[in-house]
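# Structural characterization, general
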Amino acid sequence: MTKRFWNLFKVSPVVLAATFFVANSALAAEINEQVTNVGQLSEAQESNDMSQVTSVSQFSDVQPTDWAFQALQSLVERYGCIAGYPNSTYRGNRALTRYEFAAGLNACLDRVNELIATATADLVSKQDLATLQRLQEEYSAELATLRGRVDGLEARTSELEANQFSTTTKLVGEAIFAVSDVFGDTRAARGGDPTQDLNYNTTFSDRVRLNLYSSFTGKDQLQIRLNAGNIVSNRGNDALGTGTGTNMSRLGFDGDTGNSVSIDKINYAFNLTDAVRVKVDATGAELYENVNNFNSDFASSGRGALSRYGRFSPIYRQGQGGAGVTVTFNPKGAISFSGAYLARTANDPSLNNGLFDGDSAIFGQLSFQPTKAFNIGLTYARTYQTDSAANNLFQGTGSIFANTPFGANTRTESNNYGVEATFQFTPKLAISGWGGYTTADALTGANAGADADVWYWAGALALKDFGGEGNVLGVIFGQPPKVTGGSIKNVAGNTAFDDNTSYHLEGLYKYKISDNIQVTPGLLVIFNPEHNDANDTEYVGTLRTTFTF
């Protein structure tokens, strides 16, 4: 046996001891760790920069009472091949990545070569060899378990990589089953006494949404959403005399495509800088998803309020459904500002359509968050609607008169002002609310030159973990959009509209069966529907079950 081989043999315990020590310090954490997807396995390969130390005392989190103190001291002070983190910690209980294992092994091999080259291999004693042999025998079962664990992880990684949907895209789905019924004596009339009975059958309907979320830099997101549903609006058909006769009874998740699948939302969000977030909507733009709507407990259509009005302020429905851009400055700061431009028919090149000549909304919101518990927002939106039959100031929220005060086919401009707030009294008690004012002007049509003033308000109470962790008991009360003034009220035929006040009262209980299933029973009560006290009170009972996957 040559001298060089003998030297290598004598220092080999340094390599093996360092390998064993680093691997064993991570064993407990790694054995219990459950890897569930490729993303987690990728994250597990990330490591922090490390720096060499010369004394074990330089580690702030290593104490002489630690079971591995002497071994660590020997590897650091005798052989100098164990590194720590720049913040002077060793993190002995942290799971070991394969990259870190390779780095530690390479450092010890370099040290071995150095010892051999400088003829100082006698630093490794027979005692080291005996210690190594004892450790190998004592921890043979653990080392075998570790080898099996690594082999299992490699096999599982290969399987996930071979069967994963995409390296950049994940699928997030939601399915809603809803049973609903409406109760009342008569169908709501816009003005005067109601003349039609309320005939409504119990319904069982569904909505399914599949979201494809892609990220290319880790800080951006491309969303493509597929949507299908058969949930008919409770308002019904005025010409046929079906339904409740008012948008105030609408559910927050209605929409009937006959369960035909369509792509209803495409957008891309990214950070222009650390302080500027940009979101570009190609279709399906919705302000309430792009900015803070100050009603997080009830804003979701699938896991929030049951009613349409109970989700958030109607000011966030301006310009909904088209294309546009939203920019938020200082999104994580105590004070932030969001600006947006949306065009509902941006894809249509014909007259009175397109990106700048059709229906559009200019939006701005200043948000204040002086504490984590308190948020308040000041919101403004200016909208322009061409003379089309689709004109609707609040997208079907509130009274019919408030949504189309000047009738169809009337070019309309409106200025919308809102204030919204939410306050978290305790981790389990939160209140939120909003108030809004809109002034609208008719530019064309039979009512050209007329104007309308519209007011609305609401408040919501959320009791979290009520009856169990993850459950929420909610109460929402308010007044849906109502025309309170303006010259349009004096036009013949309109004098009886919105003469009284409707009130929206909603109670719901979000019951969490599991992380992926939520059941929400609730009751919506509309007093004086269509702001007409001649109408009977209407009740909407709903049981919604939401599956997320």
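Everything numeric here is computed off the predicted structure, so don't read it as measured data. (Residues numbered from 1 in each chain as written. Predicted model: local features only at pLDDT ≥ 70, side-chain atom pairs only at ≥ 80, totals over all residues. Heavy atoms only, no water.)

## Looking at the overall build of the protein
Looking only at helices and strands, the protein has 9 helices and 19 strands in total. For the protein, with 549 residues in total, the buried portion stands at 45%. For the protein, contacts bridging at least 24 residues in sequence account for 66% of all contacts bridging at least 6. Here the protein displays about 26400 Å² of accessible surface, and carbon together with sulfur accounts for 56% of that area. (Helix = DSSP H or I, 4+ residues; strand = E, 2+ residues; numbered from the N terminus. Buried < 20%, exposed > 50% of the residue type's maximum accessible area, 1.4 Å probe, protein only. Contact = heavy atoms within 4.5 Å. Areas by Shrake-Rupley, 256 points an atom, 1.4 Å probe, with all protein chains shown as cover.)

## Observations regarding the side chain of Lys 265
Counting through the fold element by element, Lys 265 comes out in strand β7 (residues 262-273). On the accessibility criterion, Lys 265 (1% relative accessible area) is buried. Within the structure, the side chain of Lys 265 is placed 2.6 Å from the backbone oxygen of Gly 284, a separation counted as a polar contact. In this view, Lys 265 contacts Gln 223, Ile 224, Arg 225, Thr 283, Gly 284, Glu 286 and Glu 289; residues no more than four positions away in its chain are not counted. (Polar contact = N/O pair within 3.5 Å; in protein donor to acceptor, adjacent residues only side chain to side chain.)

## Overview of the environment of Tyr 341
Position of Tyr 341 among the secondary structure elements: in strand β10 (residues 335-343). For Tyr 341 and Phe 363, which are 22 residues apart along the polypeptide, the C-alpha to C-alpha distance reads 6.3 Å. Those residues in contact with Tyr 341 that lie beyond four places of it in its chain are Ala 323, Gly 324, Val 325, Leu 355, Phe 356, Ser 360, Ala 361 and Ile 362.

## Some words on the packing of aromatic side chains
Throughout the structure, instances matching the rule amount to 20 aromatic pairs. Aromatic side chains Phe 477 and Tyr 503 sit 5.8 Å apart centroid to centroid with 10° between the ring planes, which places their arrangement in the stacked category. Of this pair, Phe 477 sits in strand β16 (residues 472-485) while Tyr 503 sits in strand β17 (residues 503-514); the two residues are 26 residues apart in sequence, bridging distant segments of the chain. One Lys or Arg, Arg 190, reaches over the ring of Phe 497 and ends 4.3 Å from the middle of that ring. (Phe/Tyr/Trp six-rings, centres within 6.5 Å; stacked < 30°, edge-to-face > 60°. Lys NZ or Arg CZ within 6 Å of the ring centre and 35° of its normal.)

## Section: the nonpolar core
Judged by nonpolar contacts, the single largest core of 30 residues is most densely connected at Tyr 316, Phe 363, Phe 394, Phe 406, Tyr 456, Val 483 and Ile 488. Looking at this core, the elements with two or more residues in it are α7 (287-290), β10, α9 (400-403), β14 (429-442) and β15 (451-464). In contact with Val 483, other than residues within four places in its own chain, are Phe 401, Ala 402, Ala 452, Asp 453, Val 454, Ile 488, Lys 489 and Asp 498. Residues Phe 253, Leu 508, Ile 526 and Val 540 belong to the second largest nonpolar core, which totals 19 residues. (Core = buried A, V, L, I, M, F, W, Y, C linked by side-chain atoms within 4.5 Å.)

## Things to note about the pairing of strand β19 (residues 538-548)
Inspection of the sheet shows strand β3 (residues 169-183) paired to β19 by 10 bridges, in the antiparallel sense. Residue pairing in the sheet places Phe 177 in a bridge with Thr 545 of β19. Pairing of strand β18 (residues 517-527) with β19 involves 10 bridges; the strand directions are antiparallel. Across the sheet, residue Thr 520 finds its bridge partner in β19, namely Arg 544. (Pairing = 2+ DSSP bridges.)

## Some words on unusual backbone geometry
Unusually for a residue other than glycine, Asn 330 sits at a positive phi of about 55°. Relative to the helices and strands, Asn 330 is located in the loop between β9 (323-329) and β10. A relative accessible area of 35% places Asn 330 in the partly exposed class.

## Some points on the pattern of salt bridges
As enumerated under the stated definition, the model contains 14 salt bridges in all. Note that Asp 264 and Arg 225 form a salt bridge whose closest N and O atoms lie 2.7 Å from each other. Of this pair, Asp 264 sits in strand β7 while Arg 225 is found in strand β5 (residues 221-231), placing the two residues 39 residues apart along the sequence. One salt-bridge network, held together by shared partners, links Arg 187, Arg 235 and Asp 238. (Salt bridge = Lys/Arg side-chain N within 4 Å of Asp/Glu carboxyl O.)

## Looking at the pairing of β9
The pairing of strand β8 (residues 276-283) with β9 spans 6 bridges and is antiparallel. Bridged to Val 280 within β9 is Val 325. With 7 bridges connecting them, β9 and β10 associate as antiparallel partners. Opposite Thr 326, over in β10, you have Ala 340 as the bridge partner. Taking the residues between adjacent antiparallel strands as the criterion, β9 and β10 are bridged by 5 residues, where Asn 330 takes a positive phi near 55°.

## Details of a nonpolar patch on the surface
A cluster of nonpolar side chains, Phe 425, Ile 431, Trp 457, Leu 461, Val 475, Phe 477, Tyr 503, Leu 505 and Phe 527, forms an exposed patch at the surface whose accessible area comes to about 710 Å². The set of elements that each furnish at least two residues to the nonpolar patch consists of β15, β16 and β17. Here Leu 461 lies in strand β15. (Patch = residues over 30% accessible without salt bridge, like charges linked within 9 Å, V, L, I, M, F, W, Y side chains within 5 Å.)

## Description of the confidence of the model for the protein
Residue-level pLDDT values for the protein average 87, and 88% of them are 70 or greater. This model gives residues 1-48 a pLDDT under 50, and the stretch forms 89 contacts once residues within four places in sequence are excluded. (pLDDT = per-residue confidence, 0-100.)

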